[in-house]
Amino acid sequence: MSHDAGRRLSFIDVAGSPYDVGAALGRFGRTALNDHFQTSAAWRELSTRRADPRIGTMATIVRERFPRYWAELKGLAAGLELAFDDVFLWNCRGDIWAMAPDGCTTVQLPGSPHVIGHNEDGDPDFAGHCALAHVTSEGGNQFTAFVYPGSLPGHTFAATSAGLLQTVNNIRPLAGGAGVPRMVLARAVLDAPDLDAAMALLRSAPRAGAFHLTLAQAGDERLLSVEFTAQALSIDRVEAARVHSNHLIHADTGRMSQIVTGSSGVRQRRGEALLDQTPHSEPQGRALGILWDAADPELPIYRTDPADSDVENTLASAVFRVGADKVEWAVYDAAYEAARFEMREGLVPVAG
């Protein structure tokens, strides 16, 4: 299964003030996002929601409570050469529209080290237009994250200079709120010094949308599964192997009203079945075996069909090993091929 060169994942290094970082990310994504906006059904749908009164409230909260990320968004708009209101709306897409095209599957294997596998599922339009970005933003942690054109970093998968790992899955609740956009909250987690600070942030901030986060940190024995919506926050410590395929499954949040697409449901059940079949497998191979599974021809875990029912394809897979003193990880942009990037001692690839 081979990718042509035009679909490879690139690596970019950006640094400076929050505005500078946003502007650099905007320049990177300018052509791809402008092209996407010309044809995207998602953008057309979002554009019909410009008058949603929550958007103004969300903007005020971000400007007042998270000025660094407000500056990143301002820079992002400048680099994209798009109106700020359009860029802010795009970065609130999942807060005001449950069916925004974002998916993802995560495999959580607790141990020493913890092994976390993640498929980043997004709009097929962005295949070949995404990157791993090493970000040094003044006033915050350094981190490396998978980035989409036109979006703040943080809502995909990332590791930080504090040794913190985050992977993110879309959730589609039927009820939203007017708090901090979920992508801004996920961005803020990347600046947390530790897991406790990340949890305090998620507890204290008003939330607009919903996400599932997998969180771990080098030197911390906890592997955490976090589901949040505007109304609820659920934090589970993962003690046995689990899979999460972008819908609420915790005991206290799984009963909430949500949309579970056919793909999301099948990926959850198939992933759990594969976990049951491979209890003694080597963890990294076990994670990749689940992430790259395509046994269901209609609704596979690894998604490559341009006509995918959720308008989502797997754009990258990542496997993290979170140990006592460091995070090691590898990123793949094609199944059953060698890693595109490997981070063995931090945040910058050693080869690829």
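Reading the values: the criteria
- Residues numbered from 1 in each chain as written.
- Predicted model: local features only at pLDDT ≥ 70, side-chain atom pairs only at ≥ 80, totals over all residues.
- Heavy atoms only, no water.
- Helix = DSSP H or I, 4+ residues; strand = E, 2+ residues; numbered from the N terminus.
- Buried < 20%, exposed > 50% of the residue type's maximum accessible area, 1.4 Å probe, protein only.
- Pairing = 2+ DSSP bridges.
- Disulfide = S-S within 2.5 Å.
- Polar contact = N/O pair within 3.5 Å; in protein donor to acceptor, adjacent residues only side chain to side chain.
- Phe/Tyr/Trp six-rings, centres within 6.5 Å; stacked < 30°, edge-to-face > 60°.
- Salt bridge = Lys/Arg side-chain N within 4 Å of Asp/Glu carboxyl O.
- Axes fitted to C-alpha atoms, helices over the stretch in contact; angles between N-to-C directions.
- Contact = heavy atoms within 4.5 Å.

Student: Could you give an account of unusual backbone geometry, naming the residues involved and the relevant values?
Tutor: Omega for the peptide link from Ser112 to Pro113 comes to 5°, which places this bond in the cis form. Along the chain, the position of Pro113 falls in the loop between β2 (105-109) and β3 (114-122). In this model, Cys104 sits at a positive phi of 95°, which is unusual for a non-glycine residue. Position of Cys104 among the secondary structure elements: in the loop between α6 (93-96) and β2. For Cys104, a relative accessible area of 2% translates into the label buried. Residue Tyr336 is not a glycine yet carries a positive backbone phi of 60°. When you line up the elements, Tyr336 lands in the loop between β13 (327-332) and β14 (341-343). According to the relative accessible area criterion, Tyr336 is exposed, its value standing at 59%.

Student: Just give me the short version of the pairing of strand β4 (residues 131-137), but keep the residues and values in it.
Tutor: β4 sits mainly inside the fold: six of its seven residues count as buried. Relative to β4, strand β1 (residues 10-16) runs parallel, the two sharing seven bridges. Paired with Phe11 across the strands is Leu132, a residue of β4. Taken together, the six bridges between β4 and strand β5 (residues 142-147) define a ladder with antiparallel strand orientation. Each bridged residue has a counterpart across the sheet, and for Leu132 the counterpart in β5 is Phe146. If you look at the hairpin formed by β4 and β5, you'll find four residues sitting between the two strands, and Gly139 has a positive phi there, around 95°.

Student: How would you summarise the state of the cysteines if you had to cite specific residues and measurements?
Tutor: With the rule as written, the count across this model stands at zero disulfides. For the unlinked cysteine Cys130, the closest cysteine sulfur is that of Cys104, found at 11 Å. The class of Cys130 is buried, set by a relative accessible area of 3%.

Student: Can you break down the pairing of β5 residue by residue, with the values?
Tutor: Among the six residues of β5, five are classified as buried, and the element is accordingly described as predominantly covered. Pairing of β5 with strand β6 (residues 157-160) involves three bridges; the strand directions are antiparallel. Of the residues in β6, the one forming a bridge with Ala145 is Ala158.

Student: I'd like to hear about the side chain of Thr144, residue by residue, with values.
Tutor: In this structure, Thr144 sits in strand β5. A relative accessible area of 0% places Thr144 in the buried class. In terms of polar contacts, Thr144 uses its side chain to reach the backbone carbonyl oxygen of Leu347, at 2.5 Å.

Student: Break down the packing of aromatic side chains for me, with residues and values.
Tutor: Applying the stated criterion across every chain, the model contains 17 aromatic pairs. Each ring, one from Phe126 and one from Tyr148, has its centre 6.0 Å from the other, and the planes form 65°; the classification is edge-to-face. Here Phe126, found in the loop between β3 and β4, pairs with Tyr148, found in the loop between β5 and β6; they are 22 residues apart in sequence, far enough to count as distant. The exposure class of Phe126 is buried, given its relative accessible area of 4%. A ring pair is formed by Phe157 and Trp329, whose centres lie 6.4 Å apart and whose planes are at 90°; its orientation type is edge-to-face. With Phe157 in strand β6 and Trp329 in strand β13, the pair connects residues that are 172 residues apart, well separated along the chain. By relative accessible area, Trp329 is classed as buried at 3%.

Student: Quick one: what's the story with the pattern of salt bridges, residue by residue and with numbers?
Tutor: Applying the stated criterion across every chain, the model contains 24 salt bridges. Across the salt bridge formed by Arg93 and Asp102, the nearest N and O atoms sit 3.9 Å from each other. In this structure, Arg93 and Asp102 share a single accessibility class: buried. Arg344 serves as the salt-bridge partner of Glu342, at 3.0 Å between the closest nitrogen and oxygen. What makes Arg344 partly exposed here is its relative accessible area of 41%. Connected through shared salt-bridge partners, Asp121, Arg172, Arg303, Asp308, Asp310 and Glu312 make up one network.

Student: Break down the sheet that holds β1 for me, with residues and values.
Tutor: Paired through their backbone hydrogen bonds, the strands of a sheet run either parallel or antiparallel. With respect to topology, eight strands assemble into an open sheet ordered β1-β4-β5-β6-β7-β8-β9-β10, the strand pairing being mixed. Of all the strands in the sheet, just β1 and β10 (233-237) have a single pairing partner and so form its edges. For this sheet the average axis-to-axis angle between neighbouring strands, irrespective of direction, equals 20°. Packing against the sheet, helix α1 (residues 18-39) makes contact with β1, β4 and β5, and its axis sits at approximately 155° to β1. The strands that helix α7 (residues 182-189) touches are β4, β5, β7 (164-170), β8 (211-217) and β9 (223-228); relative to β8, the one it contacts most, it runs at about 0°.

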